[in-house]
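# Notes for the structure review
Below, each chain spelled out in residue letters.
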Amino acid sequence: MGIFAVKTTASQERTVADMIINREEPEIHAALAPDSLTSYVMVEADGDAVLSRVLEDIPHARNIVPGESDISEVEHFLSPKPDVEGIAEGDIVELIAGPFKGEKAQVQRIDEGKDQVTVELYEATVPIPVTVRGDQIRVLDSDER
């Protein structure tokens with residue numbers, strides 16, 4: 001059993017992965033189409049022969065990359081990345097959801113455990129700290145860049 005990389009048409013990775021899994025082949029165990037990996041789908045299968053047979057009927061699937069991948073090469077795709085990763089204190093952010101949507105703010109504190117960020121709104125007359133989820137903000141300007 002191994003992990004194989006399948007070359008696909010760009011932007012068709014999820015479609016190809018879904019079609020591979022929908023075949024319900026007992027020798028194919030999983031298919032992974034991470035957003036950060038363009039034009040490739042990772043497939044766990046008993047061998048590349050069964051995978052080649054399945055890919056013959058799947059549009060947008062080009063070919064199998066020769067050789068097997070190790071689990072260490074794909075495990076970083078399997079663990080979720082926290083939304084607050086890449087945000088630093090002092091960064092200028094825009095709120096993209098919630099009651100303050102569209103407001104600009106400066107990051108005061110980051111709670112990675114809860115995936116939350118405390119920001120201070122720019123336009124506010126009195127500085128009010130507001131705590132929002134990490135997926136509700138977008139970094140506009142970072143001190144580290």
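What counts and what doesn't
- Residues numbered from 1 in each chain as written.
- Predicted model: local features only at pLDDT ≥ 70, side-chain atom pairs only at ≥ 80, totals over all residues.
- Heavy atoms only, no water.
- UniProt positions renumbered as here; feature names shortened; annotations may be inferred.
- Helix = DSSP H or I, 4+ residues; strand = E, 2+ residues; numbered from the N terminus.
- Contact = heavy atoms within 4.5 Å.
- Pairing = 2+ DSSP bridges.
- Axes fitted to C-alpha atoms, helices over the stretch in contact; angles between N-to-C directions.
- Buried < 20%, exposed > 50% of the residue type's maximum accessible area, 1.4 Å probe, protein only.

The name that an unreviewed UniProt entry assigns to the protein chain is Transcription elongation factor Spt5, with the source organism given as Natrialba aegyptia DSM 13077. In its Subunit (unreviewed entry) section, UniProt records this for the protein chain: "Heterodimer composed of Spt4 and Spt5. Interacts with RNA polymerase (RNAP)." The Function (unreviewed entry) field of the UniProt record for the protein chain holds the comment "Stimulates transcription elongation."

## What to know about the environment of Gln136
Mapped onto the elements of the fold, Gln136 is located in the loop between strand E8 (129–133) and strand E9 (137–141). Along the sequence, Gln136 and Lys104 sit 32 residues apart, while their C-alpha atoms lie 12 Å from each other. Those residues in contact with Gln136, other than ones at most four positions away along the chain, are Glu94, Leu95, Ile96 and Ala97.

## A closer look at the sheet that holds strand E2 (residues 28–32)
An order of E2-E3-E1-E4 is seen for the four strands of this open sheet, with the pairing classed as antiparallel. Because the sheet does not close on itself, it has two edges, and the strands there are E2 and strand E4 (61–64). Neighbour-to-neighbour, the strand axes of the sheet open up by a mean angle of 30°, direction not taken into account. In terms of strand pairing, strand E1 (residues 2–8) meets strand E3 (residues 40–45) through six bridges, oriented antiparallel. If you follow Phe4 over to E3, its bridge partner there is Val43.

## So, the sheet that holds E9
Sheet architecture is open: five strands sit in the order E8-E7-E6-E5-E9, paired in antiparallel fashion. Each of the sheet's edge strands pairs with one partner strand only, and the pair in question is E8 and E9. Adjacent strand axes in the sheet meet at a mean angle of 45°, parallel and antiparallel pairs treated alike. Bridge analysis of strand E6 (residues 104–111) against strand E7 (residues 116–121) gives six bridges, and the strand direction is antiparallel. Residue Ala105 lies in a different strand from E7, and its bridge partner there is Leu121.

## Observations concerning the UniProt feature "domain: NusG-like N-terminal" (unreviewed entry) in the protein chain
Those residues carrying the UniProt feature "domain: NusG-like N-terminal" (unreviewed entry) are residues 1–81 in this numbering. Taken end to end, residues 1–81 is 32% helix and 27% strand, and its two terminal C-alpha atoms sit 28 Å from one another.

## Quick notes on unusual backbone geometry
The phi angle of most residues is negative, glycine excepted, and most peptide bonds adopt the trans form. The phi angle at Glu24 is positive, at roughly 55°, despite the residue not being glycine. For Glu24, a relative accessible area of 67% puts it in the exposed group. The phi torsion at Ser39 lies on the positive side, around 70°, for a residue other than glycine. If you trace the backbone, Ser39 turns up in the loop between E2 and E3.

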